[in-house]
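Given next are the chains, with one letter for each unit.
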Amino acid sequence: MKVEELEKYGASLEMPKEAVKKQGKIMLRALRERFGTVGMLGIFKDTWAHQRRLRRDHPDTRRKAAAISKIIEEELFVFSALFLALAKRLGREEAYEFFKTRVMNEIAQTSMGLIYQVEDLKKCEGDTFENFKEFNIAMFQRTTRDGTWHMESYTNDPDKLTVTVTTCANVELFGELGVPELGRSGCDHDLAGYAAIEDDVDCDFRRFCTIAKGDDNCVFEFYRKETAPDTAHLNK
């Protein structure tokens, strides 16, 4: 099988359904452990109320998100409402840390491998890292067409792929809903997720600037394993 024959090669980028199911379980466990059963029920009540209000007050944002994908539209409003419910109890900064460490970092261990179909990608003809690069090029070309993340350019070198992204739907959509903190959630998902699959795809991931964290663009650098500079601690 060739890499371009993979089901998710060049497909719209969204959280895989298998990961969405696991995400729900991770969230329930984290909320129960932090707030107890009674407290968790209170959070659900507030989340429902916030979600209803956000959907009513932001019809244009709903349409933008739905135009990308139904899953993205659903998660946009659920996560925003949940964040507001958590912020009521923890404050905004601590609420984001809870969301990041207890949910996104954990789900990324599963979701990134599913997004890239890692187990199947490893079985494809040819060099795994070269196939991984080709998968990324196709993925960012699709996000550009879908209006999710605009790839301004890419450079495909023998042992490195560099992708420059100039717009981020996460920043735009979460910002419109009044929860700009969650614009960073995709960045944090990447940091945990790429670390989880690097060995499988023979890659070292570097990214020192992101739109969501205050930069003008996002620059993704995918190096062949053991060729990247020792700068992983600067990733963001």
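Residues numbered from 1 in each chain as written. Predicted model: local features only at pLDDT ≥ 70, side-chain atom pairs only at ≥ 80, totals over all residues. Heavy atoms only, no water.

(A) Region of interest: the side chain of D190. Residue position: D190 is located in helix α8 (residues 185-201). Those residues in contact with D190 that sit more than four places away from it in its chain are M112, A195, R207 and F220. (Helix = DSSP H or I, 4+ residues; strand = E, 2+ residues; numbered from the N terminus. Contact = heavy atoms within 4.5 Å.)

(B) Layout of the nonpolar core. Formed by 37 residues in total, the largest nonpolar core has its most connected members in L31, F83, L86 and L182. Broken down by secondary-structure element, the contributors of at least two residues to this core are α1 (17-57), α2 (59-68), α3 (70-90), α4 (92-115) and α7 (169-176). In contact with L86, not counting residues within four places along its chain, are L31, F35, I43, G91, A95 and F98. In this structure, F132, W149, V201 and F205 belong to the second largest nonpolar core, which totals 29 residues. (Core = buried A, V, L, I, M, F, W, Y, C linked by side-chain atoms within 4.5 Å. Buried < 20%, exposed > 50% of the residue type's maximum accessible area, 1.4 Å probe, protein only.)

(C) Molecular detail of unusual backbone geometry. Positive phi, normally seen in glycine, also occurs at D202, with a value near 60 degrees. Among the structural elements, D202 can be located in the loop between α8 and β3 (203-206). One non-glycine residue, E226, lies in the positive phi region at around 70 degrees. One can find E226 in the segment after β4 (218-224).

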